[in-house]
Amino acid sequence: MSLYKTNEEVEIQRESCLMVSNTLTEVAKILKPGMTTLSIDEFAFEFIKDNGGKPSFKGYHGYPYSLCISVNEQVVHGFPGKYELKEGDIVSIDCGFYKNGFHGDHAYTFIMGEVPKEVLDLVRITKESLFLGINQAVVNNRTGDIAFAIENHTHGKHGYGVVRELVGHGVGRQMHEDPQVPNYGRRGSGKRLVENMVLAIEPMINLGTRHVETLEDGWTIVTRDNKPSVHFEHNVCVKPGKPIILSDYARIEAAEKQNINLNSSYY
């Protein structure tokens, strides 16, 4: 069942979505080689708690952490732990923030210093595909229109692997609501979009093939060919003509660029 919000509920949910942006912005300020992924998770947990929220992920179906931190060939749901970030890593951080009865849920892939051009291109093109998908989140379009825009830009134009086992979704009072929003599909197919649906649109795109597998922890999903994967996610409210993006990448990007300039000679 798809859940539609009132305008007032959308505004309440916007606060949770923006607080995910704020959490990832603060993470971007401290992110550097040598940090363990567990220390990043602990930092985010304290920030979320100090700002009156709860981490949406912690305890969700038994997930033990506040963040999903997926490095390089890890696609999503990576466990924070003792791994120390290093130059050349790409780090996808997925965060959820729950407050006032609503969840915010979005993700960003960070670049640690110098990486090969093919990885830079993968990051850039995946982010482009997210916004192409978002542009389709308007009243009377269908989920397949979002899916086609993402798949066409990533696989159709660049030959990347589009993960099929995991999809975007509605988000609101529950972390995962209908409709499902795949990153592959046909225009004009799928669920019809109605005003004030709130969607988590989240392309998960691999440099190599689309095939993935799950590690022994039961959560961490990796590319089968061990090539890098990129994950971006925004929360979007369906409207006539033009959707509203409830989360905010501008703050994250500004913090990331400042941190890169301070900690790397690459940029």
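Above this note sits the structure.
**Some points on the overall build of the chain**
Scanning the chain from terminus to terminus reveals five helices and 15 strands. By the compact-globule yardstick of 18 Å for 267 residues, the chain fits well, its C-alpha radius of gyration being 17 Å. Across its three principal directions, the C-alpha atoms of the chain cover 45 × 45 × 35 Å. The proportion of buried residues among the 267 residues of the chain is 56%. If you take every contact in the chain between residues at least 6 apart in sequence, the share linking residues at least 24 apart comes to 72%. Element-wise, carbon and sulfur atoms account for 50% of the exposed surface of the chain, whose accessible area totals about 11400 Å². Measuring between centres, the 28 positive side-chain charges of the chain sit 5 Å from its 34 negative side-chain charges.

**Considerations on the side chain of glutamine 13**
Summarising the element assignment, glutamine 13 is placed in helix α1 (residues 7–30). Using a relative accessible area of 0% as the deciding quantity, one classes glutamine 13 as buried. Contacts of glutamine 13, omitting those with residues within four sequence positions, involve Lys5, Phe102, His103, Val171, Gly172 and Val198.

**A short note on the sheet that holds strand β13 (residues 229–231)**
Sheet strands associate in pairs through backbone hydrogen bonding, adopting either a parallel or an antiparallel arrangement. Within the open sheet, the three strands sit side by side as β6-β10-β13. Their pairing is antiparallel. Two strands in the sheet have a free side with no partner beyond their single neighbour: β6 (161–162) and β13. Inspection of the sheet shows strand β10 (residues 204–206) paired to β13 by three bridges, in the antiparallel sense. Paired with methionine 204 across the bridge in β13 is histidine 231.

**Section: helix α3 (residues 117–134)**
With 18 residues, α3 should reach 26 Å at 1.5 Å per residue; the first-to-last C-alpha distance of 26 Å fits that figure. For α3, the full list of buried residues reads Val119, Asp121, Leu122, Val123, Ile125, Thr126, Ser129, Leu130, Gly133 and Ile134.

**Brief notes about the nonpolar core**
Formed by 50 residues in total, the largest nonpolar core has its most connected members in Leu31, Ile40, Ile93, Ile146, Leu199 and Ile201. At six residues, the largest contribution of residues to this core is made by α3. Apart from the residues lying within four places of it in its own chain, the contact partners of leucine 199 are Ala137, Ile146, His169, Gly170, Val171, Pro179, Val181, Leu193, His234, Asn235, Val236 and Val238.

**A look at the pairing of strand β2 (residues 67–71)**
Of all five residues in β2, five are buried; the element is thus mostly enclosed. Side chains Leu67, Ile69 and Val71 of β2 all project onto a buried face; the interleaved residues Cys68 and Ser70 project onto the opposite face, where all are buried too. As judged from the five bridges shared by β2 and strand β4 (residues 90–99), these two strands associate in the antiparallel manner. Looking at β4, one finds that leucine 67 is bridged to cysteine 95.

What counts and what doesn't
Residues numbered from 1 in each chain as written. Predicted model: local features only at pLDDT ≥ 70, side-chain atom pairs only at ≥ 80, totals over all residues. Heavy atoms only, no water. Helix = DSSP H or I, 4+ residues; strand = E, 2+ residues; numbered from the N terminus. Rg over C-alpha atoms; globule rule 2.2 N^0.38 Å. Buried < 20%, exposed > 50% of the residue type's maximum accessible area, 1.4 Å probe, protein only. Contact = heavy atoms within 4.5 Å. Areas by Shrake-Rupley, 256 points an atom, 1.4 Å probe, with all protein chains shown as cover. Lys, Arg positive; Asp, Glu negative; His and termini not counted. Charge placed at Lys NZ, Arg CZ, Asp CG, Glu CD. Pairing = 2+ DSSP bridges. Expected span 1.5 Å × (residues − 1). Core = buried A, V, L, I, M, F, W, Y, C linked by side-chain atoms within 4.5 Å.

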